[in-house]
Every structure is written in C-alpha cells, then in structure tokens.
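# Structural overview
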Amino acid sequence: MDWPAARTSLLLAFLTAALLLPIGVALARWLATTSWRGKPLLEALVTLPLLLPPTVIGFYLLTAFGQNSVLGAWLAQHLNLHLVFSFEGLLFASVLVNLPFMVQPIQRAFASIPHNLREAAWVSGLSTWRTFWKIELPLAWPGLLAGVALTAAHTLGEFGVVLMVGGAISGETKTLSIAIYDRVQAFDASGAHVMALALVCFSLLALALVFAADRFGANKKPVKT
Amino acid sequence: MTGKLSVQLSNTAPMPLSVQFDCAPGELVALVGPSGSGKTSVLRAIAGLLKTPNLHGRITVANTVDGAVSETVWFDKSADSKHHTNLSPQDRRVGLVFQNYALFPHLSAIKNIAISAINTPASDINNLPEKLVQRLGLDGLEHSLPSELSGGQQQRVALARALARNPAVLLLDEPFSAVDAPSRTRLYRELANLRSSVSTPMVLVTHDLYEARRLADRVVILDAGVTLQSGTPEQVFSRPRNARVAELVGIQNHFKGRFYKTKGAAEGVVPSVLGQLDWQGCLLTVPDKNKLDDGAHVTWVLAAEHLDITSSGTNAACEQSLPPNTLQCQFLEVLSLGESSICTLAPLGFTGLADVRLTLILSSAQVRNLMREKKSAETASNHPHLVVNIHIPPQSVHIMPMRI
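### Digging into the overall build of chain B
Regarding its fold elements, chain B presents ten helices and 21 strands. In terms of its C-alpha atoms, chain B occupies a principal-axis envelope of roughly 80 × 55 × 40 Å. The buried share among the 404 residues of chain B stands at 50%. Averaging the positions of the 37 positive and the 35 negative side-chain charges in chain B gives two centres separated by 3 Å.

Below, the structure written as structure tokens:
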C-alpha cells in the first residue's frame, strides 16, 4: 500500500465533497425550482464532465491554468496560486469534474418535494430561508448524502484528469488510482491488488450507503391521500 | 380581534376571474362551483399564493383595537392607479387547510402544528399547539408522523396547524374530499363545534353542494371564474337566479316553459299577483314578481318540499276532474335508500310532456302509504303502475329567465 497516495486520495475526496456540498446544494435547489429559459443549457454544462473524456478536461485545465496561460500567470503572480501540478490544482479539477455527481441527486431530491409543502410553510409564516432549513433540507437529505457519497467514491477512482492536471507528484498529487497504475507498470501485481481491493470496497460501501439512504427517505415521503 | 374579510378580484389571463364577496367574523362562506370554476384560485389569491400579473382588485381584513376599526390591506391593485400592495403569504396571517393537507412528512403531529406558531411571541402562544391537540381530539397522537395517521386525523392536524397561527382568516380548500364518509360526518360536527369557539371569517371551497348547504352561512356560486349568485344556501338552492345556477346546484326538477301575465289577480293567495306558466301544454298558476315579460321563455324549478301528493282514485287519466294546478303522474321507478326513496315519475295526459320526468325524494313511509291506498283498488300490480295526483301550489314554482 502506497500510504502517501492513500492519504492524498482520502484528503482529496474529503475536501472535494466538503467544498462541493454547499455549491451543489445551492445550484441544485435553484435548478430544481427555477423556470429560467437557460436552464437546459446550464444543466447540460453541469452534466458535461460525465460524458467528456477525462483527458479533454485535463487538457483544457492545463491550457487554462498553465504557466503559459494569461489566467495561470495572473493567479501565480497575484495570489501565488498554482492550479497545475499542485494539490490545489487537483482539488480545483476534482470539484469541477464531480459537479454532476453532487448536483444531480440533490436536484432530484429537491424537485421531488411537492410544491404545496413550500406553500404550506409560507402560509404558516415561515420565510423562504426558514422553509429551506426546516422543510426542504430535511426532506432532501437522502439526496445530499447520495451526492456526497458519489462524489467521494468518484474522486477516489478518478484517473485521467488527476494524472494530467496533477502530474503524479508523490506525496502531493499522486493518488491511489495512479499508484495502482504505477505498480502494474512495475509488474507488482500484489501491490496493485491491495490498493485496488481497497478502492472496490470503498466504492461498494459508498453506493450501499446511497441506496440505504434512498430507502430510508422513501419511508418519509409525503403521505398518500 | 379580527374583523370582516372583503374580497374583490378580477383577472383576465390565464383564467378570467370576477368575484366579490365579504365574510364576517365567525361567518362561513362557501365558494361552490365545478372544477375549473376558479374557486381554488380565489382562495389562493386570498392566501397570497396566486402569482399572476393580471390579477386586480382588493383584499382587506378589518381589525378592531379598543373599539376602533381599522383595515389591513392584503392586496390592492387597480388597473389605473400606481400604488400597489401585495403582502406575502407570511405577512397575511391566514390559516389555510390544503386539499391534501400538505402536512410536513418529516415532522410529528405536534411539530407540524407548532411550526406555524414559530413567529408568534411565546407569551401569545400560551401553549396554543397543545390546546389545539386537545380540542381536536388528537391526544396520544402528538408524536406520530403524518404517514402514521388516518385521513381524518391528518385533516385535524392540518386544521390545528392552520389555527395555531392565530389566523385573521381561515381558508379551507376542499378539506373533506380526501376522507371517507363516516369521518367526514364527524369532521362536519367538529367544524361546527369549532365555529362556536373561533370568531374568524372562514372561507370554504367545495364542489360538494351537500357540504356547502350543511356548513355554510352563505354560498357563492362560481362558474368559469364568474360569480353567478351568492346568498344563503336556502336562497340559492330554492331560488336559483338562472338555469346555469340551477344546473350547478344540482336541482333535478328544472323544466322549460313560457310565462304569461294574467289580467286579474286571484284573491287569498300570498303573492298577490299571479301569472300563468305554459309547460308544454300544461297550464299552471304561478307567482308573478313583475320581473318577466309576457310570453317570455323561461326555465323553472319545482321545489319538491311544497308538493302535495295524493293517491289518485282512478286508474285512467281524467284531467277534467282534477283540481287546478294538479298533475297526474305515474311512478316509473322507485329506488329505495332506506329511510327515503328516489322516485322517478312521468306526467300523464299531456303529449308535450311525454319525455319529461320528475324526480322526487319521498320518505319510504310515504311511498308505502300511497301503495297501500292503491292496493284496495288493485292488489296484484306493484308501484311501477302507481298513479298519483301531484298538487303544485304556486309557491313551489320558481321561474327564472333563460340564460342568454
């Protein structure tokens, strides 16, 4: 087991999920209720990382934030922020790539809340903000849990973008999935096996959690009449 | 202390609306109409939930503080003036019971109720949620989730939630449509009890006329967004303003005819002036309220409670010997509903009335008596051949102009 890589992977998964959760909730809640005309385009943009080859995303991130790009040079000079071949860069890329994994389950959860529950809350005197905290969020939490679990599992498994943007610097940007690749390249099958098995277990656990949450949430669905 | 609710609304698109009514404290006004008539839109407009740019009108609630009456404007928008008030649902102090209750599924009964008291100062709440639980018979169910409650219990939780806000106006949107008949009867009683202790204006939306008649002090009949008639249930049900109202309120015995004025007035009858109704050849003496022109085509309604039904002595039709305003009818069908029976009758002796059917709800005892009298003459046959004389006193006939 490559422990520095495991540490990088877990830290990346945790931070990605933590950063993406508030962004995802805000975006998903808005998408679930808006009737804005540009909504399909925005939804397509959010879902795009799901379909694009990771190399394409990695390539454009390198182009946008590399030392030779205007944006990359500006960030490096003014904020001392290097978004390629660094952990920060990895995190940024990871947040971007995981957008659909976080937003989609949460959006579905918000969309499934009957609108008359919001109206009932307003008529009961709850402000929009309070309605969100007291009514909508508690009802949407299986979706939030699903988003976090999927994001974490997907971050651990991400390979292409991580390799291109991070560059596999040991202890900084080398993740488990890259370490597995390295072991296989070095004909160390048993070394690869341990890490691969760990990833399988983690992903399985995350998915089981998602489905369990879904089932639990189903018990609290609005009552039939 | 809350006061009268005044509603005056008009809308053009997407759905036309033209409604005006008042509701005094403690009074229950029922908005009645078929689906799509706009009754729920009116309720949503009062609650501040109707979002449509073309809505105009005025919704106000009177307040009485130390004897001084003031007025809170909830909504005010006229086509010409610039000022425009539209309070949010949160600022309107309404209690709304939704059609399917819209209880918060993740909160227990007591939390569902208490959440609407969230903005009320603790001193004013005064354990109101707990008191409501007790008053509405929900003891022991405080910690149940809505999904664990029966339809009737959910309905009571919804009602308690609406009341926990100490509303200035209580709105009920088809509150009884989703519960079975026995719980509905119990809930009617509970609403009646509630009305003795709560003095807010109440507006009930329903398509069920029986419900409106049973619960409301006044009914407003809506069709396609327009008020057709408003008044006490007795007024509307016995004297519908036009044929459409008669149709909407489910009056079965409405017929067509022509109205003629008479020169001389008969003495001794309560409406001093009488006219004549030509009911496809059958002439009836009817009241003349000087609202109709001579020879007008009319729709008329028969108020069954004023009819006199007697067994006809003979089997054959002999109009000559019949008293005035009396029609001989034959029973075609008797549908027994226990204490009462729905009877379908066909008039005899007028070719113009061959297709006309009267529907009368008679007590089963009365039907039995009529049959017994008949049996002395003819034992074998059953009620389908029973012939009776129906006396139609002028006050049982209500004449309306045809809807144009």
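### A closer look at the interface of chain A and chain B
Listed by partner, the interface residues are 23 residues for chain A and 26 residues for chain B. Roughly 2100 Å² is buried in total at the junction of chain A and chain B, and carbon and sulfur atoms are behind 67% of that figure. Scanning the region where chain A abuts chain B turns up one salt bridge. Across the pair B:Arg44 and A:Glu119 runs a salt bridge whose closest N-O atoms are separated by 2.8 Å. Contributing elements (two or more residues each) for the side of chain A that touches chain B: helix H7 (115-123) and helix H8 (128-157) of chain A.

### Details of the side chain of B:Lys77
Residues and elements named next belong to chain B. Mapped onto the secondary structure, Lys77 falls in strand S5 (residues 68-77). No salt bridge is formed by the buried Lys77, whose closest oppositely charged neighbour, Asp76, lies at an N-O distance of 10 Å. Within the structure, the side chain of Lys77 is placed 2.7 Å from the backbone oxygen of Pro53, a separation counted as a polar contact.

### Considering unusual backbone geometry
Residue and element names in this part refer to chain B. We note that Arg93 has phi near 50°; this positive angle belongs to a residue other than glycine. Among the secondary structure elements, Arg93 is positioned in the loop between strand S6 (84-86) and strand S7 (94-97). Unlike most non-glycine residues, Ala102 shows phi in positive territory, near 50°. Topologically, Ala102 is positioned in the loop between S7 and helix H2 (109-114).

### Structural notes on the sheet that holds strand S12 (residues 254-261) of chain B
Sheets are built from strands paired through backbone hydrogen bonds, the pairs being either parallel or antiparallel. Residue and element names in this part refer to chain B. If you trace the five strands from one edge of the open sheet to the other, you get S14-S13-S12-S15-S21, paired in antiparallel fashion. Every interior strand has two partners, whereas the edge strands, strand S14 (282-287) and strand S21 (397-401), have only one. Looking at each pair of strands side by side, their axes are set apart by 45° on average, direction ignored. Bridging between S12 and strand S15 (residues 296-302) involves six bridges; their strand directions are antiparallel. Bridge pairing in S15 places Phe259 opposite Ala296.

### Here's the deal with the environment of B:Pro233
Residues and elements named next belong to chain B. Along the chain, Pro233 turns up in helix H8 (residues 233-238). A sequence separation of 17 residues divides Pro233 from Ala216, and the C-alpha atoms of the two residues are 7.2 Å apart. Beyond its immediate sequence surroundings of up to four residues, Pro233 is in contact with Ala212, Arg213, Ala216, Asp217, Arg218 and Val219.

### Some points on the packing of aromatic side chains
Across all of its chains, the model carries twelve aromatic pairs over all chains by this definition. Ring geometry for A:Phe110 against A:Phe132: centres 6.0 Å apart, planes inclined by 25°, an arrangement best described as stacked. Highlighted residues: A:Phe110 in helix H6 (residues 99-111) and A:Phe132 in helix H8, separated in sequence by 22 residues. For the pair A:Phe110 and A:Phe132, one class covers both residues: buried. Between B:Trp279 and B:Trp300, the aromatic rings sit 4.9 Å apart at their centres with planes inclined by 90°, giving edge-to-face as the arrangement. Residue B:Trp279 is found in strand S13 (residues 274-279), and its partner B:Trp300 is found in strand S15; the two are separated by 21 residues along the sequence. Through a chain of ring-to-ring contacts, three or more aromatic side chains come together here, namely A:Phe110, A:Trp129, A:Phe132 and A:Trp133. The ring of B:Phe104 has B:Arg161 sitting right over it, with the charged end atom 4.7 Å from the ring centre. Positioned above the aromatic ring of B:Phe237, the side-chain terminus of B:Arg213 is 4.5 Å from the ring centre.

### Details of helix H5 (residues 151-164) of chain B
Along its 14 residues, H5(B) runs 20 Å from first to last C-alpha, staying within 8% of the 20 Å computed at 1.5 Å per residue. By the criterion of burial, H5(B) is predominantly enclosed, with twelve of the 14 residues buried. Every buried residue belonging to H5(B) is among B:Gly152, B:Gln154, B:Gln155, B:Arg156, B:Val157, B:Ala158, B:Leu159, B:Ala160, B:Arg161, B:Ala162, B:Leu163 and B:Ala164, and all of these are buried. Of the surrounding secondary structure, the elements contacted by the buried residues of H5(B) are H7 of chain A together with S7, H2, helix H4 (128-135), strand S8 (169-173) and helix H6 (181-197) of chain B. Just past H5(B), the residue B:Asn166 takes up positive phi, approximately 55°.

Reading the values: rules and limits
Residues numbered from 1 in each chain as written. Chains lettered and ligands numbered in written order. Predicted model: local features only at pLDDT ≥ 70, side-chain atom pairs only at ≥ 80, totals over all residues. Heavy atoms only, no water. Helix = DSSP H or I, 4+ residues; strand = E, 2+ residues; numbered from the N terminus. Buried < 20%, exposed > 50% of the residue type's maximum accessible area, 1.4 Å probe, protein only. Lys, Arg positive; Asp, Glu negative; His and termini not counted. Charge placed at Lys NZ, Arg CZ, Asp CG, Glu CD. Contact = heavy atoms within 4.5 Å. Buried area = accessible area lost by both parts, 1.4 Å probe. Salt bridge = Lys/Arg side-chain N within 4 Å of Asp/Glu carboxyl O. Polar contact = N/O pair within 3.5 Å; in protein donor to acceptor, adjacent residues only side chain to side chain. Pairing = 2+ DSSP bridges. Axes fitted to C-alpha atoms, helices over the stretch in contact; angles between N-to-C directions. Phe/Tyr/Trp six-rings, centres within 6.5 Å; stacked < 30°, edge-to-face > 60°. Lys NZ or Arg CZ within 6 Å of the ring centre and 35° of its normal. Expected span 1.5 Å × (residues − 1).

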